[in-house]
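Topology and contacts: notes
One letter stands for each residue in the lines below.
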Amino acid sequence: RQQRIACFTAMGRTSHVVTRYDDIAAVLRDGDTYSSRANAEVSKYMGRTIIEMDGKEHTRTRALLSTMFVPRAMDALAPVAEALADALITDFAHAGRADLVTQLTTVFPVQVIAHIIGIPAADYPRFMRWSLDLIGFARDPAKGLAASATLRDYFLPVIRARRAEPRDDVITRLVTGTIDGASLSDDEVVSFLRLLLPAGAETTSRLIGNMLFALLADPAQRLERVRADRTLIPWVIEETLRWETPVLFVARQATHATRIGDYEVPANGLVSAVIASGNRDETHYPDPDTWDLDRRADDHLAFGFGRHFCLGYHLAKLEARTALTAVLERLPRLRLDPDAEPPRITGLVFRSPPALRVRFD
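Residues numbered from 1 in each chain as written. Predicted model: local features only at pLDDT ≥ 70, side-chain atom pairs only at ≥ 80, totals over all residues. Heavy atoms only, no water.

Some points on the overall build of the chain
How we decide: Starting at the N terminus, helices and strands are each numbered in turn, a helix being any DSSP run of H or I of at least four residues and a strand any DSSP run of E of at least two. Every radius of gyration here is taken over C-alpha atoms, with the globule rule written as 2.2 Å times N^0.38, N being the number of residues. When a residue's accessible area, from a 1.4 Å probe over protein chains only, is under 20% of the maximum for its type it is buried; when over 50% it is exposed; and in between it is partly exposed. In this description, contact between two residues means that some pair of their heavy atoms is separated by no more than 4.5 Å. Exposure was quantified through the Shrake-Rupley algorithm and a 1.4 Å probe, taking into account, for residues, occlusion by the shown protein chains and nothing else. The charge count treats Lys and Arg as positive and Asp and Glu as negative. His and the chain ends do not count. Charged groups are reduced to one reference atom each: NZ for lysine, CZ for arginine, CG for aspartic acid, CD for glutamic acid.
The helix and strand inventory of the chain stands at 14 helices and twelve strands. The C-alpha radius of gyration of the chain comes to 21 Å, within 12% of the 21 Å expected for a compact globule of 361 residues. Overall size of the chain, expressed as C-alpha extent along the three principal axes, is 60 × 60 × 40 Å. Counting over 361 residues, the chain shows a buried share of 52%. Considering only contacts in the chain between residues 6 or more positions apart, those separated by 24 or more positions represent 70%. About 16,300 Å² of surface is accessible on the chain, with carbon and sulfur atoms providing 53% of the total. Of the side-chain charges in the chain, 45 are positive and 47 negative, and the distance between the mean point of each set is 2 Å.

Have a look at this one:
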């Protein structure tokens, strides 16, 4: 982290890596200089989506989607999220032990997204399977492409049904909405629905896993403190987002030659803003590698800055708050399983514990 910016080449692509908090914030705020078209590679799997759009196209498209994720909409969603989390915990609460990653943190956000989209509960298991395959396209491109095609085949009849008979769900909002007076095509709607999976499920799953990992690392001083004082939950979420950012970096492309400090970035140069490094920048946060519930820092970079600030941040916080509250209420004397391998947080693109084996009374 002592080095401000570096340059590296991998897989034939040269990227300028930005690692300091202030530099990353400046890159993310300046959408005119640093274009999101660098994310076009994702379109192979998702289709063209908002994460690669710039300027007016991005603004108009975001306006169509933003009403789905405002606080009022999240308040209405809260009872559904609570019921889903409670049902998942009920499935293993009698056992006295569980893997919270496979049995809760991975499943819960996908079920919430499925509900928001309008997927019938009976289809949750196969929707979950397709979603995880799509989200994992970086690990297995062939499986990701197959899942992308399968989801398209699944969504198209639903989209056509919503055009004929609108409902109160995301698909209806997309098929009845317009951008510059023009309706979205079926494939454009499918692309948005595919994007909701990594944007709304994958990242939140990682956040919840990291949050539980941090609390269980010192259950007496952390978990039980929060159990006794639920007003601390928002700060648990904020500090976890800073300490172990679910998405390590975001990509941008310079629209013209520019400078970051004394470093020159050429026109069309790729820029990797390493959010995880910025969130542990020792010049911005004292003792940044320590998870500190009393830090009370809400200026982290996890949701980005500027025009691409995360559209679903209210949803992410709602799900994290709901999951943690359910765990505190349903799993007394929660602790790591002494017979299991100690958990660890891993990942080079997304980070979270691959397993979190626990016991409880």
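As for the nonpolar core
Here is the rule we go by: Only buried residues count toward a nonpolar core. Its members are Ala, Val, Leu, Ile, Met, Phe, Trp, Tyr and Cys residues joined through side-chain atoms within 4.5 Å.
Counting 91 residues, the largest nonpolar core has Phe108, Phe155, Leu174 and Leu193 as the members making the most contacts within it. Broken down by element, this core gets its largest block of residues, 16 residues, from helix H10 (residues 186–216). Not counting residues up to four positions away in its chain, the partners in contact with Phe155 are Ile117, Ile119, Phe127, Val190 and Leu193. Membership of the second largest hydrophobic core comes to 18 residues, among which are Tyr21, Val265, Ala297 and Phe305.

Side note on helix H6 (residues 107–117)
Buried residues dominate H6, accounting for ten of its eleven residues. Turning to H6, its buried residues are Val107, Phe108, Pro109, Val110, Gln111, Val112, Ile113, Ala114, Ile116 and Ile117.

Notes on the packing of aromatic side chains
Under the convention used in this document: Only rings of Phe, Tyr and Trp enter the pairing, Trp through its six-membered ring, and a pair is recorded when the two centres are within 6.5 Å. The plane angle decides the type: under 30 degrees is stacked, over 60 is edge-to-face, the rest tilted. Two conditions define a charge located above a ring, namely a distance within 6 Å from the ring centre to NZ of Lys or CZ of Arg, and an angle within 35 degrees of the ring normal.
Taken as a whole and assessed by the stated rule, the structure comprises ten aromatic pairs. With centroids separated by 5.9 Å and ring planes inclined at 85 degrees, the aromatic side chains of Tyr21 and Tyr285 adopt a geometry described as edge-to-face. Taken as a pair, Tyr21 in helix H1 (residues 21–29) and Tyr285 in the loop between helix H13 (275–278) and helix H14 (313–330) lie far apart in primary sequence, 264 residues in all. Like Tyr21, the residue Tyr285 is buried in the burial classification. On the numbers, 5.8 Å between centres and 75 degrees between planes, the contact of Tyr154 with Phe155 is edge-to-face. Residue class for Tyr154 comes out buried when judged on its relative accessible area of 12%. The class for Phe155 is buried, based on a relative accessible area of 0%. Pairwise contacts between aromatic rings join Phe127, Trp130, Tyr154 and Phe155 into one cluster. One residue, Arg29, lies across the ring of Phe305, its end atom 4.3 Å from the ring centre. The aromatic ring of Tyr285 is capped on one face by Arg242, whose charged end is 5.3 Å from the ring centroid.

So, helix H11 (residues 219–228)
Quick reminder of the rule: Each C-beta atom gives one direction from the helix axis, and the arc is the one those directions make.
For H11, the set of buried residues is Arg222, Leu223, Val226 and Arg227. For H11, the angular spread of buried residues about the axis comes to 120 degrees, placing them on one side. Turned more than 90 degrees from where H11 packs its buried face, Ala220, Gln221 and Ala228 sit exposed.

Overview of the layout of surface pockets
A water-sized probe, rolled over the atoms, reveals where empty space remains. Rules: Grid points spaced at 1 Å and placed over the protein atoms alone form the basis of the search, with a cavity being a set where a 1.4 Å probe fits but cannot get out and a pocket an open set showing protein on both sides within 12 Å along at least five of seven lines. Lining residues have an atom within 4 Å of a point. Grid points are joined across faces, edges and corners, and a volume is the space filled by probe spheres set on the points. Throughout, the ten residues Ala, Val, Leu, Ile, Met, Phe, Trp, Tyr, Cys and Pro are labelled nonpolar, Asp, Glu, Lys and Arg are labelled charged, and all others, Gly among them, are labelled polar.
Size it by volume and the second largest pocket reaches roughly 320 Å³. Lining the second largest pocket we find 13 residues, and of these Ala73, Leu77, Ile116, Asp168 and Asp169 sit closest to its centre. Those elements giving two or more residues to the lining of the second largest pocket turn out to be helix H4 (71–93), H6 and helix H9 (170–176). Ranked by residue count, the leading element in the lining of the second largest pocket is H4, at five residues. For the lining of the second largest pocket, the class distribution of residues is eight nonpolar, two polar and three charged.

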